[in-house]
Amino acid sequence: MSAAADTPARRARWTTGRLLALLAALVLAAAWVLPLAWAVATSLKPEGETTRTPLEWTGSTVTLDAYRQVWGSGDLTRWMLNSAYVSVVTTALTVLLCATAAYGFSRTAFRGRRVLYGLVLAGIMVPPQVLIAPLFAEMAALGLVDTYWGVILPQVAVPAMVFILVKFFDGVPRELEEAAFVDGAGRWRVFWTIVMPLSRPVLAAVAIFTFISTWNNFLWPFLVTTDPGGMTLPVGLVNVQSSYGVRYAQMMASLVIAGLPLLVVFALFQRQIVRGVAHTGLAGQ
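Computed from a prediction, not measured in an experiment: that's the story for all the values here.

Things to note about the overall build of the protein chain
At step 1: Counting secondary structure elements, the protein chain contains 14 helices and zero strands.
At step 2: The order of helices and strands in the protein chain, counted from the N terminus, is α-α-α-α-α-α-α-α-α-α-α-α-α-α.
At step 3: The buried share of the protein chain, reckoned over its 285 residues, is 33%.
At step 4: Sequence-distant contacts, at least 24 apart, represent 74% of the contacts inside the protein chain between residues at least 6 apart.
At step 5: Accessible surface computed for the protein chain: about 16,900 Å², of which carbon and sulfur atoms make up 68%.

Have a look at this one:
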């Protein structure tokens, strides 16, 4: 009797609204997966069949020639290591800098706080391309062109991440900090031992977003790096493509190689991304 009663209840959960939401999710998933599937399929075709009309998902044979040519025409191993190093260091410094700045805006009162925080928020509306010329002049004056730090430092200060962390810190109960202050803890100790552990979900989300954006960043590393040995993966792959002209199989193979590490990162940390967005209160914005 209970099993029969449970069956209609379970069926009743699938309302029209839920079915429409599921359908919309499937459409969005297909819109995201199809271009990726097409890139993989094109990269496995012989070069002469990539422009054949009508378009076909598969070629006459499945070949890895495009991957071999891309891998053999450049130092991909070095470029991947460069991208990994730049992305990891940039992520660590961004999380540290933005977290300390956000905690200061959220918890401390000082003269000019609102003005300074307003300037930080205004930085969200400034396109990064506008700052390229002065940033390059600054890196050149400091002698950081063609160095890792020349690529890393301009990407460390991210106003959007400060804003996200401020919103999260504003929601942390102040009673926890006040209890630590009563026990004799200082501001820095409270920050490192109480606030930072409580902020793991949002810090993980900030770290993942920063890593992905740094790995994908092309324009700034392209401008500040001329030595092939110091190039990141996106810059190196573009140089390989430009030296051989437009070859669609190789182009798609390059995109797959560049995007595969990010897919792995997202697959491993997607739960942290969702939790971080939910904890910041930005899920509905």
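Here we look at the pattern of salt bridges
At step 1: Overall, the coordinates contain two salt bridges when judged by the stated rule.
At step 2: One salt bridge connects Glu177 with Arg107, and the closest N-O pair in it is separated by 2.5 Å. Placement of Glu177 in helix H9 (residues 174–182) and of Arg107 in helix H4 (residues 76–107) is noted, with a sequence separation of 70 residues between them. For the pair formed by Glu177 and Arg107, the shared burial category is buried.
At step 3: Residue Glu177 is joined to Arg187 by a salt bridge in which the shortest nitrogen-to-oxygen separation is 3.7 Å. With Glu177 in helix H9 and Arg187 in helix H10 (residues 187–198), this pair connects stretches of sequence that are ten residues apart.
At step 4: Overall, Glu177 belongs to the buried group, its relative accessible area being 3%.

Concerning H10
At step 1: The terminal C-alpha atoms of H10 lie 15 Å apart, and with twelve residues this matches the ideal 16 Å at 1.5 Å per residue to within 8%.
At step 2: Among the residues making up H10, those that are buried are Val190, Phe191, Val195 and Met196. Across the axial projection of H10, the buried residues extend over an arc of 145 degrees, all falling on one side.
At step 3: Its buried side turned inward, H10 meets H4, helix H8 (159–170), H9 and helix H11 (200–216).

Re the packing of helix H5 (residues 113–124) against H8
Helix packing geometry: the angle between the two helix axes and the distance between the axes.
At step 1: Interhelical geometry of H5 versus H8 gives an angle of 125 degrees and a closest axis separation of 7 Å. Our classification of the angle between H5 and H8 gives oblique. The two elements H5 and H8 meet at a crossing, and its hand is left-handed. Contacts from Tyr117, Val120, Leu121, Gly123 and Ile124 of H5 reach H8 at Pro159, Ala160, Val162, Phe163 and Val166.
At step 2: A class-by-class count of the residues in the contact of H5 with H8 yields nine nonpolar, one polar and no charged.

Regarding the packing of aromatic side chains
At step 1: Tallying each qualifying case throughout the model produces ten aromatic pairs.
At step 2: Consider the rings of Phe105 and Phe110, whose centres lie 6.4 Å apart with planes at 40 degrees: the pair is tilted.
At step 3: Centre to centre, the rings of Trp188 and Phe191 are 6.0 Å apart; their planes meet at 85 degrees, and the pair counts as edge-to-face. Placement of both Trp188 and Phe191 in helix H10 is noted, with a separation of three residues, approximately one turn of the helix.
At step 4: On the accessibility criterion, Trp188 (58% relative accessible area) is exposed.
At step 5: Taking the relative accessible area as the measure of exposure, Phe191 reaches 2% and is therefore buried.

Here is what the cut-offs are and how they apply
Residues numbered from 1 in each chain as written. Predicted model: local features only at pLDDT ≥ 70, side-chain atom pairs only at ≥ 80, totals over all residues. Heavy atoms only, no water. Helix = DSSP H or I, 4+ residues; strand = E, 2+ residues; numbered from the N terminus. Buried < 20%, exposed > 50% of the residue type's maximum accessible area, 1.4 Å probe, protein only. Contact = heavy atoms within 4.5 Å. Areas by Shrake-Rupley, 256 points an atom, 1.4 Å probe, with all protein chains shown as cover. Salt bridge = Lys/Arg side-chain N within 4 Å of Asp/Glu carboxyl O. Expected span 1.5 Å × (residues − 1). Arc of directions from axis to C-beta. Axes fitted to C-alpha atoms, helices over the stretch in contact; angles between N-to-C directions. Parallel < 35°, antiparallel > 145°, perpendicular 65-115°, else oblique. Left-handed = near helix turned anticlockwise from the far one by under 90°. Nonpolar A, V, L, I, M, F, W, Y, C, P; charged D, E, K, R; others polar. Phe/Tyr/Trp six-rings, centres within 6.5 Å; stacked < 30°, edge-to-face > 60°.

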